[in-house]
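Examination of the molecular architecture
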Amino acid sequence: AQSVSQHNHHVILSEAASLELGCNYSYGGTVNLFWYVQYPGQHLQLLLKYFSGDPLVKGIKGFEAEFIKSKFSFNLRKPSVQWSDTAEYFCAVNAITAGNKLTFGGGTRVLVKP
Amino acid sequence: DAGVTQSPTHLIKTRGQQVTLRCSPKSGHDTVSWYQQALGQGPQFIFQYYEEEERQRGNFPDRFSGHQFPNYSSELNVNALLLGDSALYLCASSFIITGQRVNNEQFFGPGTRLTVL
């Protein structure tokens, strides 16, 4: 069975700082990869997704992620964060052979100080 | 275009009771998945319904059951509630592309917050 690890549980940074959130998964087969965001009081929204092709994917709100297959990683980045990026971020994996069931990491709570 | 809707928003039950949660998928979607999100954790997959049948199931006991109706809406039922069932229950919808259930984004609803006392 697949599993997902997000190493940082809490991240605090100032506006304009760069953000990188780590995500590692354990599954030997083909996967689809996702980053979801949950803003305070709102539902889960998709930030970006990787199905195939260019391993560097760009999402909404200036976020991007890089799939490194050899490291089983899919780290999320943003060059310059804003106060409005305060949210909880979840990495999720879908093993191709498992239908489209998503396995989520534990989440990283990001606080951006103005 | 309405997104995924869930009802009720909040629910308080006592141990041993039964609860039913409801979900209407996004327009055009035919597949519904349910997830449990305990406080401070990521969502965990409960099960998925397509064509009114349970197609996949996560590691949850038989106390958790579901149903999908011909209009693609779905219910999640939990019997004999335990304190540990307190969580946010999320519904997500997606659609089949040419017989495949992969490579499809899942759209999430706002969730139902269940508190078991």
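Refer to the structure above for everything that follows.
Everything numeric in this text was worked out from a predicted model, so none of it was measured.

Here is what the cut-offs are and how they apply
- Residues numbered from 1 in each chain as written.
- Chains lettered and ligands numbered in written order.
- Predicted model: local features only at pLDDT ≥ 70, side-chain atom pairs only at ≥ 80, totals over all residues.
- Heavy atoms only, no water.
- Helix = DSSP H or I, 4+ residues; strand = E, 2+ residues; numbered from the N terminus.
- Buried < 20%, exposed > 50% of the residue type's maximum accessible area, 1.4 Å probe, protein only.
- Contact = heavy atoms within 4.5 Å.
- Salt bridge = Lys/Arg side-chain N within 4 Å of Asp/Glu carboxyl O.

This brings us to the environment of V4 of chain B. Residues and elements named next belong to chain B. By the element assignment, V4 lies in the segment before β1 (5-7). A residue is classified by how much of its surface remains accessible, and V4, at 9% relative accessible area, is buried. Taking the C-alpha atoms as reference points, V4 and S27, separated by 23 residues in sequence, lie 8.2 Å from one another. Ignoring anything within four residues of it in the chain, the contact list for V4 reads C23, S24, P25, K26, C91, S93, F107, F108, G109 and P110.

Attention now moves to the pattern of salt bridges. Residues and elements named next belong to chain A. Tallying each qualifying case throughout the model produces 10 salt bridges over all chains. For E66, the salt bridge identified is with R77, shortest N-O distance 3.5 Å. Separated by 11 residues along the polypeptide, E66 in strand β8 (residues 64-68) and R77 in strand β9 (residues 73-78) bring together distant segments of the chain. Given the relative accessible area of 29%, E66 is considered partly exposed. Classification of R77 as partly exposed rests on a relative accessible area of 23%.

Purely geometric stuff here, so don't read any function into it on its own.
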